[in-house]
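Each chain, written out:
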Amino acid sequence: MTPPGRAGGRTGLGTRLVAAQALVVLTGAATAWLVAGVIGPPLFDEHLARAARAEPGQELLHAEAAFRSATVISLAVALLAATAAALAVSLSVTRRVRRSLRTVSEAASTVADGRYTARVHTAGLGAEFDALALSFNRMADRLDSVEATRRRLLADLGHEMRTPVATLDAYLEAFEDGVRDLDADTVAMLRTQTRRLGRLAHDISAVSRAEEHQVPLAARRVPAQELVRSAVAAGAARFADRGVTLTAHIGAGVPEVEVDPDRLGQVLGNLLDNALRHTPGGGRVTVSADRRGAGVELAVSDTGEGIAPEHLEHVLERFYRVDSARDREHGGSGVGLAICRALVEEHGGRITVHSDGKGAGTTVSVWLPVPGRRTAPAASG
């Protein structure tokens, strides 16, 4: 049996049904030919023998009777054979189709009940059923991923809100008991916690709008090097304060891109913030622009912590953290890359993350089409 979710280059169901009908016709024709060849000659011989003994003028009647008998017997047997073949083919196809549809129905019911591990095996009924199985399995994979993200989102939200809410509650209780005064330090602490809650609410709203395509774009043609230089200039002071070198690299012949410069500035700003958060002092971050295929690739590369292979396919998901404890200490909410992905895809591009592992640094690449081209290249590596 073919593995689940794998559609090969099989013949379509329509072609198979036509072949089945052709088989029925050929069965009937072969049977008629066989019967006519086996039964017809003896009948003619018998009737010719009778004609030889018959009265004058009866020869033609015997010849006609021989022809009718051979034809009727041949057609009757051929019809019975064709009917039997048609019933056998219909029962076989119907049984296999019913079995496949029952499998899909049971898997769909399992998924509807919230168990997203159900998968459908290809049934060998043709390319259409293989494509159905592949699509169903992709849907189940996506739902499973969404459910995992939802659980992680709720867990992260609960954790993020628990600390500031507990802090605020403790201070309020202290005020009520008269053991603490509302001095400047206390006010600063309360404002820190409320800002943390406000930032969390803002991040949730931002990633939801971006993923639901509710972010308006004011696209215009912009030189790619302008985007890179603006991002480097905006982040220069922060990088200098942390002792991290920030440089720009512009490849030869990089064309213009049609983008909203503010939104792309937001993307590059998020990528630079993320790179700075994970690059220690003395490290280096490079923002580059190069021509790639029918578009432009903007990349932010750092010499920081790197990402383990098992995390690479998840880092673009919202609220996903490679090291949740460390990111909370540094103020990250885990939605920056998810916002970047949504904004880049809104521009018709794609974003990929590459790292050779822990300690090997990370490169986040943004591919954008040149004006008039909207097809992203296949993901590499």
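Residues numbered from 1 in each chain as written. Predicted model: local features only at pLDDT ≥ 70, side-chain atom pairs only at ≥ 80, totals over all residues. Heavy atoms only, no water.

Caption draft 1: Region of interest: the overall build of the protein. Helix and strand counts for the protein come out as 9 helices and 7 strands. In the protein, which comprises 381 residues, the proportion classed as buried is 36%. Sequence-distant contacts in the protein: of pairs separated by 6 or more residues, those separated by 24 or more amount to 71%. (Helix = DSSP H or I, 4+ residues; strand = E, 2+ residues; numbered from the N terminus. Buried < 20%, exposed > 50% of the residue type's maximum accessible area, 1.4 Å probe, protein only. Contact = heavy atoms within 4.5 Å.)

Caption draft 2: Seen up close, the nonpolar core. Judged by nonpolar contacts, the single largest core of 40 residues is most densely connected at Leu271 and Leu298. Within the residue set of this core, elements represented by two or more residues are α5 (224-242), β3 (256-259), α6 (261-277), β4 (284-292), β5 (295-302), α9 (336-346), β6 (350-354) and β7 (362-369). No other element matches the 7 residues that α6 contributes to this core. Core analysis: the second largest hydrophobic core is formed by 8 residues, Val104, Tyr116, Ala133 and Phe136 among them. (Core = buried A, V, L, I, M, F, W, Y, C linked by side-chain atoms within 4.5 Å.)

Caption draft 3: Structural context of a positive patch on the surface. Residues Arg95, Arg96, Arg98, Arg99 and Arg102 make up a contiguous surface patch of positive charge. Its location among the elements puts Arg102 in helix α2 (residues 59-112). (Patch = residues over 30% accessible without salt bridge, like charges linked within 9 Å, V, L, I, M, F, W, Y side chains within 5 Å. Areas by Shrake-Rupley, 256 points an atom, 1.4 Å probe, with all protein chains shown as cover. Salt bridge = Lys/Arg side-chain N within 4 Å of Asp/Glu carboxyl O. Lys, Arg positive; Asp, Glu negative; His and termini not counted. Charge placed at Lys NZ, Arg CZ, Asp CG, Glu CD.)

Caption draft 4: Region of interest: the packing of α6 against α9. Orientation of α6 relative to α9, taken along the N-to-C sense of each, is 150°, at an axis distance of 9 Å. In this view, α6 runs roughly antiparallel relative to α9, as classed from their interaxial angle. For the element pair α6 and α9, the recorded crossing hand is left-handed. Contacts from Arg263, Gln266, Val267, Asn270, Leu271 and Asn274 in α6 reach Gly336, Leu337, Ile339, Cys340, Leu343 and Val344 in α9. In terms of residue class, the contact of α6 with α9 is made up of 7 nonpolar, 4 polar and 1 charged. (Axes fitted to C-alpha atoms, helices over the stretch in contact; angles between N-to-C directions. Parallel < 35°, antiparallel > 145°, perpendicular 65-115°, else oblique. Left-handed = near helix turned anticlockwise from the far one by under 90°. Nonpolar A, V, L, I, M, F, W, Y, C, P; charged D, E, K, R; others polar.)

Caption draft 5: Highlighting the environment of Arg142. Positionally, Arg142 belongs in helix α3 (residues 127-177). C-alpha of Arg142 to C-alpha of Tyr116: the two residues are 26 residues apart in sequence and 9.0 Å apart in space.

Caption draft 6: Examining the pairing of β7 more closely. Most of β7 sits inside the fold, with 7 of its 8 residues counted as buried. Looking at chain direction, β5 and β7 are connected through 8 bridges and run antiparallel. If you follow Val296 over to β7, its bridge partner there is Leu368. When β6 meets β7, the two strands line up antiparallel, connected through 5 bridges. Looking across to β7, one finds that Arg350 is bridged to Trp367. (Pairing = 2+ DSSP bridges.)

Caption draft 7: Summary view of the pattern of salt bridges. Tallied over the full model, the rule gives 4 salt bridges. For Arg115, the salt bridge goes to Asp113, with nearest N and O atoms at 4.0 Å. Of the charged contacts in the structure, one is a salt bridge between Glu297 and Arg292, with a shortest N-O distance of 3.2 Å.

Caption draft 8: Representation of the pairing of β4 in the model. Relative to β4, strand β2 (residues 245-250) is paired through 6 bridges, and the arrangement is parallel. Note that in β4 the partner of His249 across the bridge is Ser288. Bridge count between β4 and β5: 8 bridges; the pairing is antiparallel. The residue bridging Asp290 from the neighbouring strand is Glu297, located in β5.

Caption draft 9: Representation of the sheet that holds β2. Read across the open sheet, the 5 strands follow the order β2-β4-β5-β7-β6; overall the sheet is mixed. In the strand order of this sheet, the two ends are held by β2 and β6, each with one partner. Taken over all neighbouring pairs, the strand axes of this sheet differ in orientation by 15° on average, direction set aside. The strands that α5 touches are β2, β4 and β5; relative to β2, the one it contacts most, it runs at about 175°. The strands that α9 touches are β6 and β7; relative to β6, the one it contacts most, it runs at about 140°.

Caption draft 10: Molecular detail of the environment of Val366. Considering the arrangement of structural elements, one finds Val366 in strand β7. With a relative accessible area of 1%, Val366 lands in the buried category. In the structure, Val366 is positioned 99 residues away from Val267 in sequence and 9.1 Å away in space, judged by C-alpha atoms. Excluding anything up to four places from it in sequence, Val366 contacts Val267, Leu271, Val296, Glu297, Leu298, Val344, Arg350 and Ile351.

Caption draft 11: Highlighting the confidence of the model for the protein. Here the protein averages 76 in pLDDT, while 72% of its residues score no lower than 70. Here residues 1-9 is a poorly scored stretch, pLDDT under 50, and it has 21 contacts once near neighbours within four places are set aside; other chains count. Contacts of residues 374-381 to residues separated by more than four positions or lying in other chains number 14 contacts, the stretch itself having pLDDT below 50. (pLDDT = per-residue confidence, 0-100.)

Caption draft 12: Spatial organisation of the packing of α5 against α6. One can describe the packing of α5 onto α6 by two numbers: an axis separation of 10 Å at closest approach and a directional angle of 30°. Classified by the angle their axes make, α5 and α6 are roughly parallel. You can see that α5 and α6 cross each other, and the crossing is right-handed. Only Pro261, Leu264, Leu268, Leu272, Asp273, Leu276 and Arg277 of α6 make contact with α5, whose side of the interface consists of Leu227, Ala231, Arg238, Phe239 and Arg242.

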